[in-house]
Amino acid sequence: MPELPEVENFKKYFDGTSLNQKIVAFDCADDRLLKQARDLFSNQLIGKHFESSKRIGKYFFVETNGDPTLVMHFGMTGRLTYYKDQEDRPKFAHIVFEFENGFHLGFENKRKFGWMDLTTSIDSYQKEKKLSDDARDLSWKAFYNALKNRKTFIKPVLLDQKVAAGIGNWMADEILYQAKIHPESKIEAMKEKQLKSIFDAMKKVIETAIEKEAVYADFPQDFLMHNRREDGNCYHTGDDIIKTKVGGRATYISPSWQKKID
DNA sequence: TCCTATGTTGTCAT
DNA sequence: AATGACAACATAGG
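Residues numbered from 1 in each chain as written. Chains lettered and ligands numbered in written order. Predicted model: local features only at pLDDT ≥ 70, side-chain atom pairs only at ≥ 80, totals over all residues. Heavy atoms only, no water.

As annotated in an unreviewed UniProt entry, chain A is Formamidopyrimidine-DNA glycosylase from Marivirga sericea. Regarding chain A, the UniProt comment filed under Sequence similarities (unreviewed entry) reads as follows: "Belongs to the FPG family." Under the UniProt heading Catalytic activity (unreviewed entry), the entry covering chain A gives this text: "Hydrolysis of DNA containing ring-opened 7-methylguanine residues, releasing 2,6-diamino-4-hydroxy-5-(N-methyl)formamidopyrimidine." (UniProt positions renumbered as here; feature names shortened; annotations may be inferred.)

Structure below.
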């Protein structure tokens, strides 16, 4: 699930449950999910508390009342669950923090593509990863600059976290559907105005999805998400939605609605 | 058995 | 140094 709006939900959930409580235990069932030695997580986090959080794209940062900042990435199948009793530990909660009040925060990750890391500075971490500003805050100028010299299809570039951090596969499809542009349009062939329409669609999709708390059923009727499947039909034209692959990722298109620019 | 899945990262070639 | 194409990563479920 987790693209920008879903991770925004996780942030709200985290802020509502897990801030300002002393951490008394750290458990990890599979060290492959940790980008640092397990002891480092235990030693640096136990006894501290989470003080504030920040989301940049799909990356989730948690500052503590000390040096370490925890970095989480949810991968394809991650989410957070706050629960009390050990018996309620979700099956795929491979990483668990226990708080002084007896509650637990579980980092669920069925497919184990998610991970945790430690850093001391969000800014330097962002620079190191060359992560762009969060797509929600990103300026048109920064977006345009990151895009304009690229020489491939528009969709894979939208998925590049250096361009607009937070955009994932369903959002890229939705943005291009809203902008009426085919995912295999070549950037070099596109006019600035067309790139601006993609930027505007990106902002619209982000704000809509956050407002609806990423509950797809609540999205406006003309959103692709309602028909983003192989037997779906375009809301506007009624034509079949086509499933294909672009940049190695499953891609849904309304060919009569989305213009290919090349 | 084979294929797919909402993501990133490493490798290799250009 | 950058960029692009693509495989690899790990796992469940249809």
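Now, onward.
S.K.: Help me out: how do you make sense of the sheet that holds strand S3 (residues 59–64) in this one?
M.R.: Strand-to-strand pairing in sheets goes through backbone hydrogen bonds, with the strands running parallel or antiparallel. Strand order across the open sheet formed by four strands is S2-S3-S4-S8, with antiparallel pairing between neighbours. If you trace the sheet from one side to the other, it starts and ends with strand S2 (50–56) and strand S8 (115–119), each paired once. The mean inter-strand angle of the sheet, taken between neighbouring strand axes irrespective of direction, is 20°. Of the strands in this sheet, S2, S3 and strand S4 (69–73) touch helix H1 (residues 4–17), which is tilted by about 170° from S2. Together, S3, S4 and S8 form the strand contacts of helix H2 (residues 38–45), whose direction differs from that of S8 by roughly 60°. (Pairing = 2+ DSSP bridges. Helix = DSSP H or I, 4+ residues; strand = E, 2+ residues; numbered from the N terminus. Axes fitted to C-alpha atoms, helices over the stretch in contact; angles between N-to-C directions. Contact = heavy atoms within 4.5 Å.)

S.K.: Whenever I open this one, the packing of helix H6 (residues 169–178) against helix H7 (residues 192–211) confuses me. Can you help?
M.R.: Axis angle and axis distance: for two packed helices, these are the angle between their axes and the distance between the axes, and together they describe the pair. Contact geometry for H6 and H7: axes closest at 8 Å, N-to-C directions at 125°. Judged on the interaxial angle alone, H7 and H6 are oblique. Our pair here, H6 against H7, has a crossing hand that is right-handed. Contacts between H6 and H7 pair Trp-170, Met-171, Glu-174, Ile-175, Leu-176 and Gln-178 from the former with Ile-198, Ala-201, Met-202, Lys-204, Val-205, Ile-206 and Ala-209 from the latter. Among the residues forming the contact of H6 with H7, the class breakdown is 10 nonpolar, one polar and two charged. (Parallel < 35°, antiparallel > 145°, perpendicular 65-115°, else oblique. Left-handed = near helix turned anticlockwise from the far one by under 90°. Nonpolar A, V, L, I, M, F, W, Y, C, P; charged D, E, K, R; others polar.)

S.K.: What's the story with the domain arrangement of chain A in this structure? I'm lost.
M.R.: Accessible area lost on assembly of the parts is the figure often given for the size of an interface. Taken domain by domain, chain A comprises domain 1 (4–128) and domain 2 (140–253). Domain 1 puts nine residues into the contact, and the matching count from domain 2 is 13 residues. Summed over both partners, the interface of domain 1 with domain 2 comes to about 900 Å²; 64% of that surface belongs to carbon and sulfur atoms. For the domain 1 face of the interface with domain 2, the top three residues by lost area are Leu-4, Pro-5 and Lys-58, together amounting to 50%. (Domains from an automatic or database assignment. Buried area = accessible area lost by both parts, 1.4 Å probe.)

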